[in-house]
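Coordinate analysis (summary)
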Amino acid sequence: MSTEGITRITLCPLDELEDGEARRFDVEVSSLFHKVAVIRLGDDLYALGDICSHADYSLAEGEVDPEEGTIECWKHGSLFSLESGEAETLPATRPVPVYDVGVDDGQVWLEVGHDE
């Protein structure tokens, strides 16, 4: 589905996402490639840019803290908010992108802007 610069992509069935863990998806929209980490915490889903803003490492390989609502970069230990994408600890100082994500009929969807 595509509306006014936003494309909705179906990623996978919800039951393929493990609770409390992140999974990386590589998405292409309008010839732009996005590496996205999708995190499931119970009934809640979060989607962040998968690459740490400090260095080129996958956030999906890091540890998720459900109580703090963060994901940790496995290489240097920076924590990122699942809600806002903001870097909460050094060495990262810049946020990572946040994407709209949800579930329809048991299928996880992600919305990506054409200019993101």
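Our subject is the structure listed above.
Residues numbered from 1 in each chain as written. Predicted model: local features only at pLDDT ≥ 70, side-chain atom pairs only at ≥ 80, totals over all residues. Heavy atoms only, no water.

1. Quick word on a negative patch on the surface
Residues Glu18, Asp19, Glu21, Asp43, Asp44 and Glu83 make up a contiguous surface patch of negative charge. With respect to the helices and strands, Glu18 occurs in the loop between strand 2 (6-13) and strand 3 (22-29). (Patch = residues over 30% accessible without salt bridge, like charges linked within 9 Å, V, L, I, M, F, W, Y side chains within 5 Å. Areas by Shrake-Rupley, 256 points an atom, 1.4 Å probe, with all protein chains shown as cover. Salt bridge = Lys/Arg side-chain N within 4 Å of Asp/Glu carboxyl O. Lys, Arg positive; Asp, Glu negative; His and termini not counted. Charge placed at Lys NZ, Arg CZ, Asp CG, Glu CD. Helix = DSSP H or I, 4+ residues; strand = E, 2+ residues; numbered from the N terminus.)

2. Observations regarding the pattern of salt bridges
Pairing between side chains of opposite charge can happen when the charged atoms of each approach one another. One pass over the structure, following the stated rule, counts five salt bridges. A salt bridge links Asp104 to Arg8; the nearest nitrogen and oxygen atoms lie 3.2 Å apart. In this pair, Asp104 sits in strand 9 (residues 98-104) while Arg8 sits in strand 2, placing the two residues 96 residues apart along the sequence. Connected through shared salt-bridge partners, Arg8, Asp104 and Glu111 make up one network.

3. So, the environment of Cys12
Positionally, Cys12 belongs in strand 2. Judged by relative accessible area, which is 4%, Cys12 ranks as buried. Once the C-alpha coordinates of Cys12 and Arg40 are considered, the two residues, 28 residues apart in sequence, prove to be 12 Å apart. In contact with Cys12, not counting residues within four places along its chain, are Leu17, Arg23, Phe25, Gly106, Gln107 and Val108. (Buried < 20%, exposed > 50% of the residue type's maximum accessible area, 1.4 Å probe, protein only. Contact = heavy atoms within 4.5 Å.)

Read these as spatial facts, not as claims about activity.
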